[in-house]
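One letter stands for each residue in the lines below.
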Amino acid sequence: MEPHSAEFAGHLEVLPGKGGLTKLQVKTPWSTAEIYLHGAHVTHFGKAGEPPLLFMSEASDFLPGKPIRGGIPVIFPWFGPREGQPAHGFARTREWHLKESHRTPEGGVTLDLNLSELDGFDLDYRITVSTSLSLELTVRNSSANGQTIENCLHTYFAIADIATTAVTGLQGTSYFDKLTSHASSEISSALRIDREVDRIYDDSTPSLEVHDTGLARKIVISKSGSASTVVWNPWIEKSKRMADFGEDEYLRMICVESGNVADREIHLAPGSSHTLRVELSSVGLT
Ligand code: TA6
């Protein structure tokens, strides 16, 4: 593989990854990360000396045209199924372009990826690897017509055990339960999962946490430009139906996704843009 002009010694390498797909390997003084150009898919982020923050299925495909299972799928321009179209849109199965990369003044690494051969949209995705993982997904309507889109950073978090994990920060937030098609409101201050959960919360709060007592840490999800939070765990039966997901992997993952979906879809005038920002970090549980 030709050395990429963006590579700089010891901090960014462009390598053949799984399935021969191009992988960007990032190393900073505090952390490591891996991003595939296929779908601009972050497949790994971990702080030195800690278990990875992101879950990756051991059964994931790494094939052109197939989504990677785990990490942070980029969902665009629609969320969920669509007749005759790929579920969750096509951004996550397209080959993105690495436009630029540079070191931050503190020593982190910033990658600028782009996907622009989509009719009517121009997507820029800035990924900054440091003591935390920062993501900025900007969509510009490059067409002459108004467009309506949904977007979501569909993050799979790695946890020790779903039975000793809780999501905090959603109390009092209304949600749509995709399994029952009923609307409801979150009553618990610490949401625990003991069955299949697939909920779209109407949630613009700037911060949520995933408390993992098994790993004695909490993951902090800070976000802006996001009016929806999706919480998903496939549990037993759905896990068995997913060919690219291990039958018992539901025990070690939870999706807490940040975006703008369903009623919170985004209307973009010609030439206008929208940016979704998410920052992921971890703190020890005292
Ligand atoms: O975000 C939750 C969800 O919409 C679930 O309904 C489930 O379908 C999940 O996304 C995974 O979707 P995928 O197309 O990646 O299998």
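Quantities reported herein were computed from a predicted structural model and do not represent experimental measurements.

(A) Main features of unusual backbone geometry. Following Phe76, the chain continues to Pro77 via a peptide bond in cis, the omega torsion being 0°. Position of Pro77 relative to the elements: it lies in the loop between β5 (74-75) and β6 (97-103). One non-glycine residue, Ala40, lies in the positive phi region at around 50°. Mapped onto the secondary structure, Ala40 falls in the loop between β3 (31-36) and β4 (41-47). Of note in this structure, Ala216 is not a glycine but carries a positive phi near 50°. The class of Ala216 is partly exposed, set by a relative accessible area of 39%.

(B) Up close: the site of the ligand. Taken together, Arg69, Phe79, Ala87, His88, Arg92, His154, Lys178, Asp198, Val230, Trp232, Lys238 and Glu257 form the complete shell of residues around the ligand. Here an oxygen atom of the ligand sits 2.8 Å away from a polar atom, N or O, in the side chain of Arg69. When isolated, the ligand has an accessible area of 390 Å², and the protein chains bury 84% of it. Of the residues that constitute the shell around the ligand, the class distribution is 4 nonpolar, 2 polar and 6 charged.

(C) Examining the sheet that holds strand β18 (residues 207-212) more closely. Ordered by their spatial adjacency, 9 strands build an open sheet running β6-β7-β8-β9-β23-β19-β18-β13-β16, and the pairing between neighbours is antiparallel. Taken across any chain shown, the strands that pair with only one partner, and hence form the sheet edges, are β6 and β16 (190-191). Of the strand pairs in this sheet, strand β7 (residues 109-118) and strand β8 (residues 121-129) are connected by 8 bridges, and their pairing is antiparallel. Residue pairing for β8: Asp112 is matched across the bridge by Arg126.

(D) The confidence of the model for the protein chain, seen in detail. Predicted confidence across the protein chain gives a mean pLDDT of 96, with 97% of residues reaching 70 or more. Averaged pLDDT values over the elements of the protein chain bottom out at 92 in β7 and peak at 99 in strand β12 (residues 156-158).

(E) Inspection of the pattern of salt bridges at higher detail. For the structure on display, the rule yields 16 salt bridges. Asp112 is the salt-bridge partner of Arg126, the closest N and O atoms lying 2.6 Å from each other. With Arg126 in strand β8 and Asp112 in strand β7, the pair connects residues that are 14 residues apart, well separated along the chain. Judged by relative accessible area, Arg126 falls into the partly exposed class, the value being 34%. The partner of Asp202 in a salt bridge is Arg264, with the nearest N and O atoms 2.6 Å apart. Separated by 62 residues along the polypeptide, Asp202 in strand β17 (residues 197-202) and Arg264 in the loop between β21 (253-260) and β22 (266-268) bring together distant segments of the chain. Exposure remark for Asp202: the relative accessible area of 35% places this residue in the partly exposed category.

Rules of the game
- Residues numbered from 1 in each chain as written.
- Predicted model: local features only at pLDDT ≥ 70, side-chain atom pairs only at ≥ 80, totals over all residues.
- Heavy atoms only, no water.
- Helix = DSSP H or I, 4+ residues; strand = E, 2+ residues; numbered from the N terminus.
- Buried < 20%, exposed > 50% of the residue type's maximum accessible area, 1.4 Å probe, protein only.
- Near = heavy atom within 4 Å.
- Polar contact = N/O pair within 3.5 Å; in protein donor to acceptor, adjacent residues only side chain to side chain.
- Areas by Shrake-Rupley, 256 points an atom, 1.4 Å probe, with all protein chains shown as cover.
- Nonpolar A, V, L, I, M, F, W, Y, C, P; charged D, E, K, R; others polar.
- Pairing = 2+ DSSP bridges.
- pLDDT = per-residue confidence, 0-100.
- Salt bridge = Lys/Arg side-chain N within 4 Å of Asp/Glu carboxyl O.

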